[in-house]
Amino acid sequence: MAPRRVADTYGGYRARLVEVLREQGISDMAVLAAIGQVPRHLFVPEALRNQAYDDTSLPIGNGQTISQPSTHARYLQALRLTGTERVLEIGTGSGYQTALLSFLAEHVMSVERVAALARGATKALDEAGCTNVAVAVGDGSLGWFPLAPYDGILVAAAAPAVPEPLVRQLCDGGSLVIPLAHGDSQVLHRVTSRAGQLEHEELGTARFVPLRGRHGFNEGGTT
Ligand code: SAH
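Residues numbered from 1 in each chain as written. Predicted model: local features only at pLDDT ≥ 70, side-chain atom pairs only at ≥ 80, totals over all residues. Heavy atoms only, no water.

(A) Layout of the overall build of the protein chain. The helix and strand tally for the protein chain stands at 6 helices and 9 strands. For the protein chain, whose C-alpha radius of gyration is 16 Å, the value lies close to the compact-globule estimate of 17 Å for 223 residues. Taken over the C-alpha atoms alone, the protein chain extends approximately 45 × 35 × 35 Å along its principal axes. Residue burial in the protein chain is summarised as follows: out of 223 residues, 50% are buried. At a minimum sequence separation of 6, the contacts of the protein chain that also span at least 24 residues come to 54%. (Helix = DSSP H or I, 4+ residues; strand = E, 2+ residues; numbered from the N terminus. Rg over C-alpha atoms; globule rule 2.2 N^0.38 Å. Buried < 20%, exposed > 50% of the residue type's maximum accessible area, 1.4 Å probe, protein only. Contact = heavy atoms within 4.5 Å.)

(B) The site of the ligand, seen in detail. Close contacts around the ligand come from 25 residues, with Ser94, Glu112, Asp139, Gly140 and Arg212 the closest. Here Arg212 contributes a backbone N or O atom positioned 2.6 Å from a nitrogen atom of the ligand. Here the ligand loses 99% of its free accessible area of 580 Å² to cover by the protein chains. When each cavity is represented as a set of grid points, the ligand is found to reside in the largest pocket. At the level of secondary structure, the elements contributing two or more residues to the shell around the ligand comprise strand S2 (64–66), helix H4 (96–104) and strand S4 (107–112). Counting residues per element, the shell around the ligand draws most heavily on S2, at 3 residues. Broken down by class, the residue content of the shell around the ligand amounts to 10 nonpolar, 11 polar and 4 charged. (Near = heavy atom within 4 Å. Polar contact = N/O pair within 3.5 Å; in protein donor to acceptor, adjacent residues only side chain to side chain. Areas by Shrake-Rupley, 256 points an atom, 1.4 Å probe, with all protein chains shown as cover. 1 Å grid on protein atoms, 1.4 Å probe; cavity = no way out; pocket = protein on both sides within 12 Å on 5 of 7 lines; lining within 4 Å. Sits in = over half its atoms within 2 Å of the grid points. Nonpolar A, V, L, I, M, F, W, Y, C, P; charged D, E, K, R; others polar.)

(C) Region of the structure containing the nonpolar core. With 48 residues, the main nonpolar core has Ile35, Phe43 and Leu101 as its most contacted residues. When residues in this core are grouped by element, the largest group, 6 residues, is from H4. Ignoring anything within four residues of it in the chain, the contact list for Ile35 reads Arg14, Leu17, Val18, Leu21, Pro69, Ala73, Tyr96 and Leu100. With 18 residues, the next largest nonpolar core counts Ile153, Ala159, Val167 and Leu211 among its residues. (Core = buried A, V, L, I, M, F, W, Y, C linked by side-chain atoms within 4.5 Å.)

(D) Up close: the pattern of salt bridges. A complete count under the given rule lists 6 salt bridges for this structure. Between Arg168 and Glu164 there is a salt bridge; the shortest N-O distance is 4.0 Å. With Arg168 and Glu164 both in helix H6 (residues 164–168) and 4 residues apart, this pair spans about one turn of that helix. Its relative accessible area of 59% is what places Arg168 among the exposed residues. Put simply, Arg190 and Glu201 hold a salt bridge, and the shortest N to O gap is 2.9 Å. (Salt bridge = Lys/Arg side-chain N within 4 Å of Asp/Glu carboxyl O.)

(E) Region of interest: the side chain of Arg40. Its location among the elements puts Arg40 in the loop between helix H2 (29–37) and strand S1 (58–61). Although Arg40 lies buried, it forms no salt bridge, and the closest oppositely charged side chain, Asp55, sits 6.6 Å away as judged by the N-O distance. In contact with Arg40, not counting residues within four places along its chain, are Gln51, Ala52, Tyr53, Asp54, Thr56, Leu58, Ile66, Ser67, Gln68, Pro69 and Tyr96. (Lys, Arg positive; Asp, Glu negative; His and termini not counted.)

(F) Spatial organisation of the layout of surface pockets. Estimates place the volume of the largest pocket at around 660 Å³. Contributions of two or more residues to the lining of the largest pocket are made by S2, helix H3 (69–79), H4, S4 and strand S9 (197–206). A per-element tally of the lining of the largest pocket places H3 first, with 4 residues. The class makeup of the residues in the lining of the largest pocket is 14 nonpolar, 18 polar and 6 charged. (Points joined across faces, edges and corners; volume = space filled by probe spheres on them.)

(G) How the structure looks around the environment of Leu170. Tracing the backbone shows Leu170 in strand S7 (residues 170–182). Once the C-alpha coordinates of Leu170 and His200 are considered, the two residues, 30 residues apart in sequence, prove to be 14 Å apart. Apart from the residues within four sequence positions on either side, Leu170 is in contact with Pro149, Tyr150, Asp151, Ile153, Ser175, Leu176, Val191 and Ser193.

(H) Structural view of the packing of aromatic side chains. Inspection of the entire model under this criterion finds 4 aromatic pairs. Relative to Tyr13, the ring of Tyr10 lies with its centre 6.2 Å away and its plane at 50 degrees, an arrangement referred to as tilted. On the basis of relative accessibility, which here comes to 21%, the residue Tyr10 falls in the partly exposed class. Residue class for Tyr13 comes out partly exposed when judged on its relative accessible area of 44%. The rings of Tyr10, Tyr13 and Tyr53 are connected pair by pair, giving a single aromatic cluster. (Phe/Tyr/Trp six-rings, centres within 6.5 Å; stacked < 30°, edge-to-face > 60°.)

Taken by themselves, the reported measurements are silent on function.
So, in structure tokens, the structure goes:
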């Protein structure tokens, strides 16, 4: 079920952001419509609300950032959702991308390793009227087995390699969108599962925080 629309005074700013993204080549109408409706100001710290509709990343606490809207748009476009899918998101962060997904898919399961971020995201998603989402605290590099398989999986942090459990939790025909780190650079990958075979596509450069956990980089360190 699509979330209810929240009445606020930021509608004009959202409309301008949608124009900026359109000029940058974002063409997926459903993605643009979701960005035009999700109240991003609810997902950024109160002191930064005046920048909520700029195309910039912003700090959200716990050393993490909410990505630039254009990054979210490019990323969500890559999943090619039609509205009927069950989606798994790894790295809830602020919950903004989770909210965009809630407009674009049937159900969203999102896993975040930092409990404080998961709490904040749950509250903002509730305020934004997103009822078709669930947020859990855990190591998302293991996926989320209870609701598997998923039509789409989106990883919002850069991994050293494609985590095997995520591939196993994809439906036939489903896609996993994930940034992979190669030294100092990152490339966005789309991995699609078809009849037991995996198709790999590279979708350009990316810039994300590291995925931690069992199939990510070391918990505390830089490798
Ligand atoms: N898309 C988010 C930003 C994500 S930043 C937004 O819109 O705000 C990446 C997030 O991934 C961070 O919150 C980080 O804590 C989380 N993360 C990193 N490794 C993880 C793991 N193994 N499991 C779950 N979340 C993880």
